[in-house]
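# Close look at the chain arrangement
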Amino acid sequence: DAKTTQPPSMDCAEGRAANLPCNHSTISGNEYVYWYRQIHSQGPQYIIHGLKNNETNEMASLIITEDRKSSTLILPHATLRDTAVYYCIVRVARRDDKIIFGKGTRLHILP
Amino acid sequence: GAGVSQSPSNKVTEKGKDVELRCDPISGHTALYWYRQRLGQGLEFLIYFQGNSAPDKSGLPSDRFSAERTGESVSTLTIQRTQQEDSAVYLCASSWRGIGTEQYFGPGTRLTVT
């Protein structure tokens, strides 16, 4: 079973920041938080991951709470191309482990 | 560089026939995964290969499903005696063994069983 809880859907206006929450209250100390997204009719795409510090890359920022029980993926300036299903996943990263996908959040970017 | 490739991109088959789906992982990636995604559903883990270790087959839904991998390269997923409920997109992913590795997914094979 997935170890994360996400809202089933969210709307965000184009050009605004999209903030996608994820709860992972049972996360273990050696588990990372990963985010993937799946645009319609495509395979999932890796976005970002982190352990406890906030992370930023060219796609997004990841904010992890101090107790690590929740996190937020931030798309700073959402575009229509960011419309996708976003998956938050926790997994051990010291060995390759199967990823258990939950239902994700369907993000609609509104023009 | 080249990503994960899968073939065919689309496959239509009659109920009861066998099908083979192919995955070419990124060169150098030691881990390979197969997932299934039914229409409107999330990803369902099927099987995982890591190097020469025994594969993790815990997600295979029935004994009609099997998969093989040649060394650390190509993998084939075989579905015997296909059923209509096997209709789905079958996704392959690969990753390099290491700390904090992410998976790279192929475009998938859309299987339709009529």
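Above this text you will find the structure in question.
Residues numbered from 1 in each chain as written. Chains lettered and ligands numbered in written order. Predicted model: local features only at pLDDT ≥ 70, side-chain atom pairs only at ≥ 80, totals over all residues. Heavy atoms only, no water.

## Considering the overall build of chain A
Broken down by element type, chain A carries zero helices and nine strands. Going residue by residue from the N terminus, the α and β elements of chain A occur as β-β-β-β-β-β-β-β-β. Taken over the C-alpha trace, chain A has a radius of gyration of 13 Å; the compact-globule value for 111 residues is 13 Å, and the two agree within 12%. Over its C-alpha atoms, taken along the principal directions, chain A stretches across nearly 40 × 30 × 25 Å. For chain A, the residues scored as buried account for 47% of the 111 residues in total. Intrachain contacts of chain A at a sequence separation of at least 6 include 57% that bridge at least 24 residues. Looking at chain A as shown, the accessible area adds up to about 5800 Å², and 48% of this sits on carbon and sulfur atoms. Seen as two clouds, the 13 positive and the 11 negative side-chain charges of chain A have centres 4 Å apart. (Helix = DSSP H or I, 4+ residues; strand = E, 2+ residues; numbered from the N terminus. Rg over C-alpha atoms; globule rule 2.2 N^0.38 Å. Buried < 20%, exposed > 50% of the residue type's maximum accessible area, 1.4 Å probe, protein only. Contact = heavy atoms within 4.5 Å. Areas by Shrake-Rupley, 256 points an atom, 1.4 Å probe, with all protein chains shown as cover. Lys, Arg positive; Asp, Glu negative; His and termini not counted. Charge placed at Lys NZ, Arg CZ, Asp CG, Glu CD.)

## Re the side chain of B:R64
Residues and elements named next belong to chain B. Mapping R64 onto the fold places it in the loop between β5 (43-50) and β6 (65-69). Given a relative accessible area of 12%, R64 falls into the buried group. Within the structure, R64 has its side chain in polar contact with the backbone oxygen of R81 (distance 3.2 Å). Those residues in contact with R64 that sit more than four places away from it in its chain are T78, I79, Q80, R81, T82, Q83, E85 and D86. (Polar contact = N/O pair within 3.5 Å; in protein donor to acceptor, adjacent residues only side chain to side chain.)

## Some words on the packing of aromatic side chains
Tallied over the entire structure, the rule returns nine aromatic pairs over all chains. Their ring planes at 20° and their centres at 6.3 Å tell us that B:Y33 and B:Y35 sit as a pair that is stacked. By the burial criterion, B:Y33 is buried, and B:Y35 matches it. Judged by centre distance (6.0 Å) and plane angle (70°), the rings of B:Y35 and B:F45 are edge-to-face. Within this pair, whereas B:Y35 is found in strand β4 (residues 31-37), its partner B:F45 is found in strand β5, the two being separated by ten residues in sequence. Under the relative-accessibility criterion, B:Y35 is labelled buried at 0%. Taking relative accessible area as the criterion, B:F45 reaches 8% and is therefore assigned buried. Put simply, the rings of A:Y32, A:Y34, A:Y36, A:Y46, B:Y33, B:Y35, B:F45, B:Y48 and B:F105 touch in pairs and so form one group of aromatic residues. (Phe/Tyr/Trp six-rings, centres within 6.5 Å; stacked < 30°, edge-to-face > 60°.)

## Here we look at the nonpolar core
All names here are of chain A. By size, the foremost hydrophobic cluster in this structure holds 21 residues, and its most contacted members are L20, W35, L73, L75, Y86 and L107. Secondary structure elements with two or more residues in this core: β2 (18-23), β3 (31-38), β4 (45-50), β6 (61-64), β7 (70-75), β8 (84-92) and β9 (105-110). Ranked by the residues each element gives to this core, the list is headed by β8, at four residues. If we ignore the near neighbours within four places in the chain, the residues touching L20 are M10, W35, S71, T72, L73, L75, Y86, T105 and L107. (Core = buried A, V, L, I, M, F, W, Y, C linked by side-chain atoms within 4.5 Å.)

## As for the environment of A:A78
Residues and elements named next belong to chain A. Note on placement: A78 falls in the loop between β7 and β8. In sequence terms A78 and E14 are 64 residues apart; their C-alpha atoms lie 5.4 Å from each other. If we skip the residues at most four places from it in the chain, A78 touches C12, A13, E14, G15, R16, A18 and I109.

## A closer look at the pattern of salt bridges
Residues and elements named next belong to chain B. In this structure the tally under the stated criterion is six salt bridges over all chains. When the shortest N-O distance is used, the salt bridge between E14 and K17 registers 3.8 Å. For the salt bridge of D86 with R64, the shortest nitrogen-to-oxygen distance reads 2.8 Å. Residue D86 is located in the loop between β7 (75-79) and β8 (88-95), and its partner R64 is located in the loop between β5 and β6; the two are separated by 22 residues in the primary sequence. When its relative accessible area of 1% is taken as the criterion, D86 is described as buried. (Salt bridge = Lys/Arg side-chain N within 4 Å of Asp/Glu carboxyl O.)

## A short note on the side chain of A:T105
Residue and element names in this part refer to chain A. Structurally, T105 can be placed in strand β9. Residue classification places T105 among the buried residues on the basis of a relative accessible area of 0%. With residues up to four places along the chain from it excluded, the contact list for T105 reads Q6, P7, P8, S9, M10, L20, A84, V85 and Y86.

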